[in-house]
Each structure stands twice: as structure tokens, then as C-alpha cells.
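# Structural description and commentary
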Amino acid sequence: MKKSKLLWILWAVAYVICTVCGFLPVTEDVLSGLFILLSLGFFVPPALLIFEAVQNKNRKILRIIRNLSIISLGLTLVTILLNFASIQASEAWGTVLYWLLILVSTPMVCSQVWVIGLFGWALLLMTCLNYLKRK
């Protein structure tokens, strides 16, 4: 199996694990620290994909990760704004919007330290933009 294919699979598995953890109730014990580590680990496979793409001059992978980062950050912004706007809506509507937030920015919600997920996506985006700008 190619290394890049394995990294894509690992990233998908990390997404599923972080998403499941995002739906679990928040606790202030050892699990909290584990969730933060899982959120940080979520960004390891794409970072390795970027590293491999730069070495092999594979702009396609950089464009895919750039687009995923833009989509995640954009949808995160929209769902957070919708969550704030739904303050007068029913509790069920707020729950659905929060579930949507978990799906579009899973490492952010998994860690409960939202800056980790947002920074991770932004770092992937800016790294891809930097290397795509170069010829």
C-alpha cells in the first residue's frame, strides 16, 4: 500500500474517532486530556501528506487539503453563527446545529479547546497556500 493512501485512511479513521468523542459528554478528568491528544493527532496525517506532497511536487494533494481546510473553516463559521442565532429556537434545533458543528469541525469539538481545531485547520490551509503559491 502506498504511503499516501495509508495516510488518507489514517486521517479518515482519526476523523471518525474524533467525531465519536465529540458526541460524548464532556468530563474534567483523564478523558479530557485524551480528547485533546486525539484532536492534536487528527492533524498529523494531513501534515505528513503535505510533507510528502511537497517532496514529490504533488500539487493535487495540496489542493485537496487546502479545499478541505477552507470547507471546514467556512462551515464551522456558519454553524457557530447559526448556533448563536438559534438562541430563541427550540432546544432540538440547537442540538441539531451542535451535531452539525461536530461533523464539520470534529477536532475542535472533540478537544473542547476550540482554538486547537481552528488553529490546526488554519495551519493546514496556510501551509498549503504557501506551497501552492510557489512554482
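Look a little higher up for the structure.
Given the structure is predicted, the values throughout are model-derived calculations rather than measurements.

Rules used in this analysis
Throughout this description, residue numbers start from 1 for each chain and increase along the sequence as written. Whole-chain, interface and lining totals are the exception, using all residues; otherwise, since this is a predicted model, local features are given only for residues with pLDDT of at least 70 and side-chain atom pairs are given and counted only at 80 or more. Side-chain calculation: all heavy atoms of the structure are included, whereas hydrogens and water are not. The numbering of helices and of strands both runs from the N terminus, where a helix is a DSSP run of H or I of at least 4 residues and a strand a run of E of at least 2. For the exposure calls, accessible area comes from a 1.4 Å probe over protein chains only, and a residue counts as buried if that area is under 20% of its type's maximum, exposed if over 50%, partly exposed in between. A 1.4 Å probe and the Shrake-Rupley method give the accessible areas. Residues count as covered only by the protein chains that appear here. A residue counts as positive if it is Lys or Arg and as negative if it is Asp or Glu; His and the chain ends are not included. Working definition for charges: the position is that of NZ of Lys, CZ of Arg, CG of Asp or CD of Glu. We define a polar contact as two N or O atoms separated by no more than 3.5 Å, with the added condition that, inside protein, one atom must be a possible hydrogen donor and the other a possible acceptor, whereas residues neighbouring each other in sequence contribute only through side-chain atom pairs. Contacts were defined at the residue level, with two residues in contact if any of their heavy atoms lie within 4.5 Å. To define a nonpolar core, start from buried Ala, Val, Leu, Ile, Met, Phe, Trp, Tyr and Cys residues and group those joined through side-chain atoms within 4.5 Å. When the centres of two rings from Phe, Tyr and Trp lie within 6.5 Å, Trp using its six-membered ring, the rings pair. Their planes under 30 degrees apart give stacked, over 60 give edge-to-face, and anything left gives tilted.

### Side note on the overall build of the protein
From N to C terminus, the protein includes seven helices and zero strands. Along the protein, helices (α) and strands (β) appear in the sequence α-α-α-α-α-α-α when read from the amino end. Considered along the principal axes of its C-alpha atoms, the protein spans approximately 50 × 30 × 25 Å. A buried classification covers 35% of the 135 residues belonging to the protein. For the protein, the accessible surface area stands at approximately 8300 Å², while carbon and sulfur atoms represent 73% of it. Computed over 11 positive and 4 negative side-chain charges, the separation of the two mean positions in the protein equals 31 Å.

### Examining the side chain of serine 105
Among the structural elements, serine 105 can be located in the loop between α5 (91–104) and α6 (106–111). Here threonine 76 takes part through its side chain, which lies 3.4 Å from a polar atom of the side chain of serine 105. The contacts of serine 105, once residues within four sequence positions are left out, are Ser72, Thr76 and Trp121.

### Quick look at unusual backbone geometry
One non-glycine residue, lysine 57, lies in the positive phi region at around 55 degrees. By the element assignment, lysine 57 lies in the loop between α3 (44–56) and α4 (59–85). A residue is classified by how much of its surface remains accessible, and lysine 57, at 73% relative accessible area, is exposed. At glutamine 112, a residue that is not glycine, the phi angle is positive and equals roughly 65 degrees.

### Things to note about the nonpolar core
Trp11, Phe42, Ile65 and Leu124 are the most contacted members of the largest nonpolar core, which has 19 residues in total. The greatest single-element share of this core, amounting to five residues, is contributed by helix α1 (residues 3–23). Among the nonpolar cores identified, the runner-up in size contains six residues, and Ile80, Leu101, Ile102 and Met108 belong to it.

### A short note on the packing of aromatic side chains
Two descriptors summarise a pair of aromatic rings, namely the distance from one centre to the other and the angle between the planes of the rings. Evaluated as defined, the whole model comprises seven aromatic pairs. Measuring from ring centre to ring centre gives 6.1 Å for tryptophan 11 and tryptophan 121, while their planes differ by 40 degrees; the resulting arrangement is tilted. Of this pair, tryptophan 11 sits in helix α1 while tryptophan 121 sits in helix α7 (residues 114–133), placing them 110 residues apart in sequence. Take tryptophan 11 and tryptophan 121: they sit in the same class, and that class is buried. Among the aromatic residues, those joined into a ring-pair cluster are Trp8, Trp11, Phe42, Phe43 and Trp121.

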